[in-house]
Amino acid sequence: FLLINIIFFYIQLFGYYIFQIKIDYLIGITGEAQRMFGGTFNVPFFNTFIRPTGLYQEPGTYATFLAPLIALFGRYSHKNQNKYIFIFSVLSLFLSFSIFGIIFGSLIVLNSDKVRFSLKIVLGFVLSLIAYPYLRYRFIILKGVDTSTGIDFRANQINETIALFKENIGSWFFGTNLISAEPMGVNLTGAYNDTGLFFYLLLFLGPL
């Protein structure tokens, strides 16, 4: 499973940087383009930037589905040749430039018994060099030019949820109604599940 996924991931990555080919695996099937591009962030030498998604719609989805399996694979796979699959799988989490991927990848590296402590320090430094410029761009530079970073609508959902519980006693028992596809009584932007499962269930089911 991991090998198939990272093969498609790296074909997408190197196909773009080496051959300038945009490989979209899903648009021909779903009619919706994979979300690999956006913003004005560029990497040195290439003057362009891609956030590979592999076989998934978004980089964050790729990281969310693969990270638990990468962690399990790293812990329970003992064949020597599998360490390369593990290494390239973890690296793909960082190269997805998903916030989830960077967090999950860091946790996997720190907790892996296959990685010596000295190597963890080196890997941490190298991976930080990969991730830091993008994180700085997204959460510091973009905030200075009044561009949404994805945090705004998530914070809005949390604030709207808290406000709902303050104003509507019934929402403590039933949330905004799980039967409805649209939450009632709140004004939200963005996908309702992008803030995480906990806040999604809190909003639709209520805290009780």
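Definitions and cut-offs
Once a new chain begins, its residue numbering starts again from 1 and follows that chain's sequence as written. In view of the model being predicted, local features appear only for residues whose pLDDT reaches at least 70, and side-chain atom pairs are presented and counted only at 80 or more, with totals across whole chains, interfaces and linings using the full set of residues. Only hydrogens and water are set aside when side-chain values are computed; all heavy atoms of the structure are taken into account. The helix count covers DSSP runs of H or I at least four residues long, the strand count covers runs of E at least two residues long, and both are numbered beginning at the N terminus. We call two residues in contact when some of their heavy atoms are within 4.5 Å. To be clear on the numbers: accessible area is Shrake-Rupley with a 1.4 Å probe, and residue cover counts the displayed protein chains and nothing else. Here is the rule: rings of Phe, Tyr and Trp (six-membered ring for Trp) pair when centre to centre is within 6.5 Å. Planes less than 30 degrees apart are stacked, more than 60 are edge-to-face, and the remainder are tilted. Three exposure classes are used, based on accessible area relative to the maximum for each residue type with a 1.4 Å probe and protein chains only: buried under 20%, partly exposed in between, and exposed over 50%. Two thresholds decide whether a charge sits over a ring: the Lys NZ or Arg CZ must be within 6 Å of the ring centre and within 35 degrees of the ring normal. Side-chain atoms within 4.5 Å link the members of a nonpolar core, which is a set of buried Ala, Val, Leu, Ile, Met, Phe, Trp, Tyr and Cys residues. Values of pLDDT, the confidence the predictor places in each residue, fall between 0 and 100. Residues enter a patch when their relative accessible area is above 30% and they make no salt bridge; the linking distance is 9 Å between like charges and 5 Å between nonpolar side chains (Val, Leu, Ile, Met, Phe, Trp, Tyr). Any carboxyl oxygen of Asp or Glu within 4 Å of a side-chain nitrogen of Lys or Arg constitutes a salt bridge here. A 3.5 Å cut-off defines polar contacts: any pair of N or O atoms within that distance qualifies, except that in protein one atom must be a possible hydrogen donor and the other a possible acceptor, and neighbouring residues in sequence count only when both atoms are side-chain atoms. Interaxial angles span 0 to 180 degrees and are taken between N-to-C directions of axes, which are lines fitted to C-alpha atoms, for helices over the stretch in contact. Here the term charged refers only to Asp, Glu, Lys and Arg, the term nonpolar to Ala, Val, Leu, Ile, Met, Phe, Trp, Tyr, Cys and Pro, and the term polar to all other amino acids, Gly among them.

Quick word on the overall build of the protein
Okay, step 1: When you go through the protein residue by residue, the secondary structure sums to nine helices and zero strands.
Okay, step 2: Taken from the N to the C terminus, the helices and strands of the protein come in the order α-α-α-α-α-α-α-α-α.
Okay, step 3: Considering only intrachain contacts with a sequence separation of at least 6, the fraction spanning at least 24 residues in the protein is 60%.
Okay, step 4: By element, 68% of the accessible surface of the protein is carried by carbon and sulfur atoms, the whole surface being about 12,700 Å².

Observations concerning the packing of aromatic side chains
Remark: the centre distance and the inter-plane angle together describe each pair of aromatic rings, the angle taken between the planes.
Okay, step 1: Enumeration over the complete set of coordinates arrives at eleven aromatic pairs.
Okay, step 2: Ring centres of Y16 and Y17 lie 5.7 Å apart, and the angle between their planes is 65 degrees; on these two criteria the pair is classed as edge-to-face. One exposure class covers both Y16 and Y17, and it is buried.
Okay, step 3: Arranged with centres 5.9 Å apart and planes meeting at 15 degrees, the rings of F100 and F104 form a pair that is stacked. One end of the pair is F100 and the other is F104, both in helix α5 (residues 99-111) and four residues apart, which spans about a single turn.
Okay, step 4: Under the relative-accessibility criterion, F100 is labelled partly exposed at 41%.
Okay, step 5: Judged by its relative accessible area of 27%, F104 falls in the partly exposed class.
Okay, step 6: Taken together, F9, Y10, F14, Y56, Y62, F65 and F88 form an aromatic cluster joined through their ring pairs.
Okay, step 7: Seen from the ring of F37, K22 lies directly overhead, with NZ or CZ sitting 5.1 Å from the centre.

Some details on the nonpolar core
Okay, step 1: Ranked by size, the top nonpolar core spans 29 residues in total, and within it Y62, I70, V90, L93 and I108 carry the most contacts.
Okay, step 2: Secondary structure elements with two or more residues in this core: α1 (2-19), α3 (59-76), α4 (82-95), α5 and α6 (117-144).
Okay, step 3: Per element, the largest residue contribution to this core is seven residues, and it comes from α1.
Okay, step 4: Ignoring sequence-local partners within four residues, the contact set of L93 consists of Y62, A63, A67, I70, G101, I102, F104, G105 and I108.
Okay, step 5: Formed by seven residues, the second largest nonpolar core is a distinct cluster that contains L164, F165, L188 and L203.

Side note on the confidence of the model for the protein
Okay, step 1: On average, residues of the protein score 80 in pLDDT, and 79% of them are at 70 or above.
Okay, step 2: Element-level pLDDT for the protein is lowest in α6, with a mean of 69, against a maximum mean of 95 in α1.

Observations concerning a nonpolar patch on the surface
Okay, step 1: Together, I169, W172, F173, F174 and L208 give the surface a local cluster of nonpolar side chains, amounting to about 630 Å² of exposed area.
Okay, step 2: Take F174: its relative accessible area is 62%, and that puts it in the exposed class.

Some points on the side chain of S77
Okay, step 1: Looking at the element boundaries, S77 is found in the loop between α3 and α4.
Okay, step 2: Engagement of the side chain of S77 in a polar contact is seen with the side chain of N82, the distance being 2.8 Å.

Looking at the pattern of salt bridges
Okay, step 1: Taken as a whole and judged by the stated rule, the model has two salt bridges.
Okay, step 2: R35 is the salt-bridge partner of E58, the closest N and O atoms lying 2.4 Å from each other. Separated by 23 residues along the polypeptide, E58 in the loop between α2 (27-30) and α3 and R35 in the loop between α2 and α3 bring together distant segments of the chain.
Okay, step 3: Overall, R35 belongs to the partly exposed group, its relative accessible area being 44%.
Okay, step 4: One network of salt bridges, with partners in common, ties together E32, R35 and E58.

Points about the packing of α4 against α5
Okay, step 1: The geometry of α4 relative to α5 is characterised by a closest axis approach of 7 Å and an angle of 145 degrees between their N-to-C directions. For the pair formed by α4 and α5, the contact residues are F86, V90, L93 and F94 on the first element and G101, I102, F104, G105, S106, I108 and V109 on the second.
Okay, step 2: Residue classes in the contact of α4 with α5 are distributed as eight nonpolar, three polar and no charged.

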